[in-house]
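Given next are the chains, with one letter for each unit.
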Amino acid sequence: MPLQTSTALPASIAESLRASSSTTPVFLAVYGSLVDGKSWCGDTVAAEPLVIAKFGGSGALTATVVYAGLRDEWRAEDNPWRQEPFLVTHLPTLIKVTDGKWERLVEGDVYDQEKLDAFVGA
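The structure displayed is predicted, hence computed values, not measured ones.

J.: Describe the overall build of the protein, naming the residues involved and giving the relevant values.
T.: Helix and strand counts for the protein stand at four helices and seven strands. When the elements of the protein are put in sequence order from the N terminus, they spell out β-α-β-β-β-α-β-α-β-β-α. Taken over the C-alpha trace, the protein has a radius of gyration of 13 Å; the compact-globule value for 122 residues is 14 Å, and the two agree within 12%. When its C-alpha atoms are laid out on the principal axes, the protein stretches across 35 × 30 × 25 Å. Roughly 6,600 Å² of accessible area belongs to the protein as shown, and the carbon and sulfur atoms make up 51% of that amount. Looking at charge distribution, the protein has the averaged site of its 10 positive side-chain charges lying 2 Å from that of its 16 negative ones.

Structure (structure tokens):
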């Protein structure tokens, strides 16, 4: 399944991404957590259909979705997704790790189809 949700701890995800030395990109989507089945973050809600369309099919592209917390948890300076190596400043953020290099597509750019296509490379 190319699009999957992870509940792993941020440290575990960071370790996994750091270990990736592949020239094939690894993608991580960081979203605002769910409230009543929908993200509290309007930008996440806007981006989700495009991310699902990009990674949700049976193609070769894969991405993992993680939730950065409820509004107050997300806004806390010590939120683990704000720290190294993630450095997420806005939600949603799509992180791409290729051969140890970390890149980010942030907030409104995630739901800009042209920018998403260019970032993902497909």
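J.: Would you mind going over the sheet that holds strand β1 (residues 3-5) in detail, with residue names and values included?
T.: If you walk across this open sheet you meet the five strands as β1-β5-β2-β6-β7, and the pairing is mixed. Strands at the two margins of the open sheet, each flanked by one partner only, are β1 and β7 (101-106). Shown here is a sheet whose adjacent strand axes are inclined to one another by a mean of 25°, direction ignored. Here five bridges tie strand β2 (residues 26-31) to strand β5 (residues 63-67), and the two strands are oriented parallel to one another. Bridge pairing in β5 links L28 to T64. Against the sheet, helix α1 (residues 10-19) contacts β2, β5, β6 (93-98) and β7, and its axis sits at roughly 155° relative to β2. Its contacts with the sheet put helix α2 (residues 42-55) on β1, β2, β5 and β6, and the angle it makes with β2 is roughly 155°.

J.: With reference to specific residues and values, describe the side chain of S6.
T.: Looking at the secondary structure, you find S6 in the loop between β1 and α1. Looking at S6, its side chain comes within polar contact range of the main-chain nitrogen of A8, at 3.1 Å. Setting aside residues no more than four positions away along its own chain, S6 makes contact with I13, T64, V65 and V66.

J.: Account for the pattern of salt bridges, with residues named and values stated.
T.: Applying the stated criterion across every chain, the model contains three salt bridges. Among the ionic pairs, D109 bridges to K115, the shortest N-O distance being 3.1 Å. Given the relative accessible area of 40%, K115 is considered partly exposed.

J.: Now, about the packing of α2 against helix α4 (residues 113-120): what can you tell me, with residues and values included?
T.: Any two packed helices are characterised by the angle at which their axes cross and by the distance between the axes. Axis separation between α2 and α4 bottoms out at 11 Å; the angle between their running directions is 40°. Classified by the angle their axes make, α2 and α4 are oblique. As for the relative orientation of α2 and α4, their crossing is right-handed in sense. Residue-level contacts link L50, K54 and F55 of α2 to Q113, L116, D117 and V120 of α4. Grouping the constituent residues of the contact of α2 with α4 by class yields four nonpolar, one polar and two charged.

About the cut-offs
Every chain's residues receive numbers from 1 upward, in the order its sequence appears when written. Totals for whole chains, interfaces and linings use every residue, but because this is a predicted model, local features are given only for residues with pLDDT of at least 70 and side-chain atom pairs only at 80 or more, for both listing and counting. Excluded from the side-chain calculations are hydrogens and water; all other atoms, namely the structure's heavy atoms, are used. A run of DSSP states H or I qualifies as a helix once it reaches four residues; a run of E qualifies as a strand once it reaches two. Both are numbered from the N-terminal end. The globule rule is 2.2 Å times the number of residues to the power 0.38, and the radius of gyration it is compared with is taken over C-alpha atoms. Only the protein chains shown count as cover for residues, with accessible areas throughout obtained via the Shrake-Rupley method and a probe of 1.4 Å. Only four residue types enter the charge count, namely Lys and Arg as positive and Asp and Glu as negative; His and the chain termini do not. Every charge is mapped to an atom, namely NZ of Lys, CZ of Arg, CG of Asp or CD of Glu. Two strands pair if DSSP finds at least two bridges between them. In this description, a line fitted to the C-alpha atoms serves as the axis of each element, helices being fitted only across the stretch in contact, and the angle between N-to-C directions of two axes falls anywhere from 0 to 180 degrees. In this analysis, two residues are considered to be in contact whenever any of their non-hydrogen atoms come within 4.5 Å of each other. Two N or O atoms count as a polar contact when they lie within 3.5 Å, although within protein this holds only if one can serve as hydrogen donor and the other as acceptor, and sequence-adjacent residues are included solely when both atoms are side-chain atoms. Throughout this description, the term salt bridge denotes a Lys or Arg side-chain nitrogen within 4 Å of a carboxyl oxygen of Asp or Glu. Each residue gets one of three labels from its accessible area relative to the maximum for its type: buried under 20%, exposed over 50%, partly exposed in between, using a 1.4 Å probe on protein chains only. Working definition: roughly parallel below 35 degrees, roughly antiparallel above 145 degrees, roughly perpendicular at 65 to 115 degrees, and oblique for all remaining angles. Definitions for this section: a left-handed crossing has its near helix turned counterclockwise from the far helix by less than a right angle. A right-handed crossing has that turn clockwise. Three residue categories are used. Nonpolar comprises Ala, Val, Leu, Ile, Met, Phe, Trp, Tyr, Cys and Pro, charged comprises Asp, Glu, Lys and Arg, and polar comprises the others, including Gly.

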